[in-house]
Each structure stands twice: as C-alpha cells, then as structure tokens.
Amino acid sequence: MAKVYKKTSGNESIALYLGKRDFVDHVESVDIVDGVIKVDPAELEGRKVWVYLACAFRYGSDDLDVIGLSFRKDIWVKRIQIYPVVGTNPANTPMQEALLKKCGDQGHPFTFTIDTNLPCSVGLQPAPEDAGKSCGVDYEVKAYIAKEADDPDEKISKKDTCRLIIRKIQFAPGKVGAGPKADISKNFMMSDKPVHLEASIEKELYFHGDPIPVHVKINNETTKVVKKIKITVEQTTEVLLYQSDKYSKTVLTEEFAEEIKGESTLEKTFTVIPLLSNNKEKRGLAVDGRLKDEDTNLASTTIIRPGMDKGMQGIMVSYKIKVNLLVSSGGLLGGLTASDVGVEVPLVLMSPKPADVTDIKFE
C-alpha cells in the first residue's frame, strides 16, 4: 500500500495531494509528476489557484538570508492554473483517479513533465550545529492562491500556500557491466625489481549498503616487506552551478595487517561497506535528496547520458576505491612509508529499483 501525501493551506481553502514523492529519472525520460489540488472556492475572493513545480539550487541555509537576499536559485519552473479551469487537461492517470475519488467535485488534477536534462535531488550534509535547510538541489510542488501566476508586486501570504518537497532520483540500471581493474609496478631505490599490485571489483555497480569485495593481487619481487594493505573509498563532489568547486571526501578507510615478505605473493579478497551512518559528522558530504523525517544514503553516482549538458546537473557525484600498500623502507632508516604503491578503480553506487506499487492508502 502506498501512502498518499497531503498538505493543506493555512486558510484550508486548498489542499495538495500526491501519491508519491520519488520520481524516477530513467535517463531517457522522467516519471511525470501527477497530483490533485482540492479547492474550496468560498474564500478565494476572485483570486485564482495555481500550482508550480520548481527545481532549485540552494547554496546557503535559511538563516543566512539577509536584507531580502535569498541563497536559492531557481533552475527550472513550470506553472499551471488550476482554478478556474482553463483549457483541457491530459487524461487522468490511475493515481489521479484514485485521488479524485477522495477529493470529490472539488478535486482538480495537474500533471508536470520534468525535463530530462535537469539534475537529480542531492544535498550537501550540514554540520551537526548548522540550522535550516541544507545546500543542494531540490524539487518543490507548491499550490497557491493569487491574482496572477507570477507577479513580483503581489505578496502571497503563507496561509494561501501549501507545498511538498519531492525527489528526482535515479535507480540502478537492469544490466550491470563487468568490474574495473587497475594495476601498477613500482621500483624502489636500491632494488632492481618491482612490487606489482593489482586491484579489481567483480562488477561496476553496487547498491548502497551492499558489501563490496575488493580483490587484491600482490607480487613482491623485492627484498622489502609489505606491512599493511590500506583500502579507502572516496566520494568526489563537483558543484557546477554557482562556482566551479570540486573536492573529495573519504567515506571509508580500512587497514588490513597482511605481511608480504620479500620475493613472495598474496592474492586475497577484502570486503568493505561504505555507509552514510559512519560519516554523519562530515560537513559537505553529498547525500541523496532528503525528505523530512526520512533517512537517506550517500549520494548516488551521477549518471550522464551522451550529449547532456553537465553544467545543468548542479552537483555531480562519483566514487573510487583506492588500494595502497605500506612498504617498509628498509636499510638504516627502518620504519614505514605509507602509500608507496597504490591504484584506483572507479565505483558506481546507486539504489536498486523498487517494486512497482499499485495500491494507495489514505491517511
């Protein structure tokens, strides 16, 4: 049973109904946003009812808004007049038919088509002490009462509006390709033979929370000793809208005390699981768009179709797995030199596509 989401305006003249809040980007197309507005015309006083869908990038929290400046930039906006009804509407979806049965004669359906080149919902995790909404890309459906659709001189009261945040999300594709592999051979001073390192993963894509087996092959032809194997998972976030800003954050670090003596080999699989729950304190970490009172994941990898404008994506996210060997320096110095030998393999992290839900439940 799917829950129906409802928001009512402060004056109770309008109510917004949605059957879901997650809308899937299938790369070539995006789920339509279909809902219903319930309108009680008694208190409209000659005004009209509108509904809009907006994609916006927020680059500052609400408490930073001063002297009328807003740290929010609309990327894309569409508006529809709901009441009085004008023109003809497309055929109702099954979801709208179910919602109209709940709303009765006061129900008015609306449908939005989201452009395929728009970004998915993603947020930058705030620090524990930060207040207000986090930075990132979000989508908002808002119904409101006004004389005109978008008159900058007309002040719209909060009691004449109702809104719901929705998410545009991507799920993992049905077919998953073979996993990547990387290798390196490195020579050291005072040694004419190398240490050879190879790392690979079984498939290119893993779901959030799934164990990721990392297969490591080491051929140590030197007289040095490999003391440890260090595996890290890094998230790289590229913010494209308000400035060019690219940075990486480590979301997992694990060390394995495997000793590979000189002129010996090792072939072993190590399992790692990058989780948001282990990174709650990291400010600026990219996470999947968060809805109120709902948990989320590390941000899914951004999937770009050929020809898509990267600049419209707002925030792009990618991952890589790094495997490094800690090799003894030997000689009179002794000790360890970290990351003497290292390789990187790309990783795609996404959510599995959920089962289709056909029944709805009113609450």
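Definitions and cut-offs
Residues numbered from 1 in each chain as written. Predicted model: local features only at pLDDT ≥ 70, side-chain atom pairs only at ≥ 80, totals over all residues. Heavy atoms only, no water. Phe/Tyr/Trp six-rings, centres within 6.5 Å; stacked < 30°, edge-to-face > 60°. Helix = DSSP H or I, 4+ residues; strand = E, 2+ residues; numbered from the N terminus. Buried < 20%, exposed > 50% of the residue type's maximum accessible area, 1.4 Å probe, protein only. Lys NZ or Arg CZ within 6 Å of the ring centre and 35° of its normal. Pairing = 2+ DSSP bridges. Axes fitted to C-alpha atoms, helices over the stretch in contact; angles between N-to-C directions. Contact = heavy atoms within 4.5 Å. Disulfide = S-S within 2.5 Å. Arc of directions from axis to C-beta.

A. A look at the packing of aromatic side chains. Going through the model one piece at a time under the given rule, you end up with three aromatic pairs. For the pair Tyr52 and Tyr144, a centre-to-centre distance of 6.1 Å together with 65° between the ring planes defines the contact as edge-to-face. Note that Tyr52 is positioned in strand 6 (residues 48–58) and Tyr144 in strand 10 (residues 136–146), a separation of 92 residues in sequence. In this structure Tyr144 comes out as buried when scored by relative accessible area, which is 2%. Here Phe256 and Phe270 contribute two aromatic rings whose centre-to-centre distance is 4.6 Å and whose plane-to-plane angle is 45°, an arrangement assigned as tilted. Here the residue Phe256 occupies a position in strand 17 (residues 245–256), and Phe270 occupies one in strand 18 (residues 264–272), the gap between them amounting to 14 residues. Here the two residues Phe256 and Phe270 agree in accessibility, since each one is buried. Across from the ring centre of Tyr144, 5.5 Å away, lies the NZ or CZ of Lys142, which sits over that ring. When the ring centre of Tyr206 is taken as origin, the NZ or CZ atom of Lys203, which lies over that ring, is 4.9 Å away.

B. Quick look at the sheet that holds strand 12 (residues 181–187). A sheet is described by the order of its strands in space; here four strands give the open sequence 12-13-15-18, paired in antiparallel fashion. Only two strands of the sheet have a single partner each, and these edge strands are strand 12 and strand 18. Neighbour-to-neighbour, the strand axes of the sheet open up by a mean angle of 15°, direction not taken into account. Summarising the sheet, strand 12 and strand 13 (residues 194–201) pair through seven bridges and their orientation is antiparallel. Residue pairing in the sheet places Asn187 in a bridge with Pro194 of strand 13.

C. Layout of unusual backbone geometry. Look at the link from Tyr83 to Pro84: it is a cis peptide, with omega at -5°. Its place among the elements puts Pro84 in the loop between strand 7 (72–83) and helix 1 (94–103). With a phi angle near 65°, Glu12 is a residue other than glycine that sits in the positive phi range. Following the sequence through the fold, Glu12 ends up in the loop between strand 2 (5–8) and strand 3 (14–18).

D. Expanded view of the side chain of Ser200. Its place among the elements puts Ser200 in strand 13. Apart from residues no more than four positions distant in its own chain, Ser200 is found in contact with Pro180, Lys181, Pro213, Val214 and His215.

E. Broad picture of the state of the cysteines. Following the criterion strictly, the structure yields zero disulfides and no others. No disulfide involves Cys55; its sulfur sits 9.6 Å from that of Cys120, the nearest cysteine.

F. Spatial organisation of helix 1. Residues of helix 1 that are buried: Met95, Gln96, Leu99, Leu100 and Cys103. Down the axis of helix 1, the buried set is contained in an arc of 130°. They therefore lie on one face. In helix 1, those exposed residues whose orientation departs by more than 90 degrees from the buried face are Pro94 and Lys101. Gly104 occupies a position one or two residues after helix 1 and carries a positive phi of about 70°.

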